[in-house]
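Take a look at the letters that make up each chain.
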Amino acid sequence: MFSSSTEAIVVFIVVCTLLIALLIGFITAMIYRYQQKQNAYFKEAEELKIAHANEMLQSQLEIQEQTFENISREIHDNIGQKLTLAKLHLNTLQINDPAKATVQINDSVSMISEAINDLSDISRSMSSEIILNNGFIKALEFEISQLNKSGLFQLKLIVTGEPVFLESQRELVLFRIVQEALNNIVKHAAARTITLFLHYNEKILALKINDDGKGFANDKNVENGTGLSNMKRRAGLLQGHLTIISRPGAGTEINIKIPFNENE
């Protein structure tokens, strides 16, 4: 009886080890896939001569770069730790103590399952395809869910009005503006709560981003240092308008208005 139990445990160890190897291979393949796409984008950027088209492509590349940074952090801080811990459990498995071995195996299976779920989320965020295929709102929801996973912030999205799909390249640039705003808040604002209000009316898409962070004095050096002027320039590219309201200790409010018709 004991021999049969030991054999089952050994077989399970082998299976779990193979699963970990497959996960590592999957991660490597995703990184390679991203690098291939990034190289293709850079090649396309070299071929583009028109300033407007080049700006659109640059926004797309920056989305990819930010996404890759998030993926690297997620793999290192989350998935890597889970797989390392699962491997440690399997390497120190108490074969002579079936009860303890069972607990270690169950813990390993749980951690491997969590790593698989995390990889599934990462695979969906590998590129801007989430915007092209699902639209701006779905991309925002996914970005917010990823930031909420950290537990450091509480983000929510409130959508009102009748949603309108913009041309995909315009949505990419708008998403990059929001992504850059959220990145600035995460890095500089020391905020706990971030709320995005998205309102569609007949002619304009209005987006407001509020945070309860430390705020800042309206200053040209601050604008340039945190990329706010770059966000304003991109809003102008969409024939839109971006304003910032902030003061020390009172948080920050970013308002973006983009017309549905580029000629407005």
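Residues numbered from 1 in each chain as written. Predicted model: local features only at pLDDT ≥ 70, side-chain atom pairs only at ≥ 80, totals over all residues. Heavy atoms only, no water.

**Q** Hey, could you run me through the pairing of strand β1 (residues 154-161) in this one?
**A** The side chains of a regular strand alternate between the sheet's two faces. Across 8 bridges, β1 lies against strand β2 (residues 193-200) in parallel orientation. Of the residues in β2, the one forming a bridge with V159 is L198. Crossover connection from β1 via helix α6 (residues 168-189) to parallel β2: handedness left-handed. (Pairing = 2+ DSSP bridges. Helix = DSSP H or I, 4+ residues; strand = E, 2+ residues; numbered from the N terminus. Right-handed = clockwise from strand over helix to strand, strands pointing away.)

**Q** Where do I start with the packing of aromatic side chains in this structure?
**A** Two numbers describe a pair of aromatic rings. These are the distance of the centres and the angle of the planes. Summed over the entire model, instances satisfying the criterion amount to 1 aromatic pair. Above the face of the F197 ring, K208 is positioned so that its terminal group lies 5.1 Å from the ring centre. (Phe/Tyr/Trp six-rings, centres within 6.5 Å; stacked < 30°, edge-to-face > 60°. Lys NZ or Arg CZ within 6 Å of the ring centre and 35° of its normal.)

**Q** Help me understand the sheet that holds strand β3 (residues 204-211) in this model?
**A** Strand pairs in the sheet, formed through backbone hydrogen bonds, run parallel or antiparallel to each other. One open sheet accounts for 5 strands, arranged β1-β2-β3-β5-β4; its pairing is mixed. Two strands bound the open sheet, and with one partner strand each, they are β1 and β4 (241-246). On average, each strand axis in the sheet is tilted by 10° relative to the strand beside it, whichever way the strands run. In terms of strand pairing, β3 meets strand β5 (residues 252-259) through 8 bridges, oriented antiparallel. Looking at the pairing, I209 lines up with I254 of β5. (Axes fitted to C-alpha atoms, helices over the stretch in contact; angles between N-to-C directions.)

**Q** Just checking my understanding: could you explain the side chain of S246 for this structure?
**A** Mapped onto the fold, S246 is located in strand β4. By relative accessible area, S246 is classed as buried at 8%. Looking at S246, its side chain comes within polar contact range of the main-chain nitrogen of F216, at 3.0 Å. Of note is the side chain of S246, whose polar atom sits 3.0 Å from the backbone oxygen of G251. (Buried < 20%, exposed > 50% of the residue type's maximum accessible area, 1.4 Å probe, protein only. Polar contact = N/O pair within 3.5 Å; in protein donor to acceptor, adjacent residues only side chain to side chain.)

**Q** I keep staring at the environment of V109 and nothing clicks. Help me out?
**A** If you trace the backbone, V109 turns up in helix α3 (residues 98-124). Judged by its relative accessible area of 33%, V109 falls in the partly exposed class. Here the alpha-carbon distance between V109 and C16, two residues 93 residues apart in the chain, equals 7.7 Å.

**Q** Looking at this model, I keep getting lost on helix α5 (residues 136-148). Mind explaining?
**A** The α-helix advances 3.6 residues per turn, and as a result positions three or four apart in sequence lie on the same side. With 13 residues, α5 ought to run about 18 Å at 1.5 Å a step, and its terminal C-alpha atoms sit 18 Å apart, in line with that. Buried within α5 are the following residues: F136, I137, A139, L140, F142, E143, I144 and L147. (Expected span 1.5 Å × (residues − 1).)

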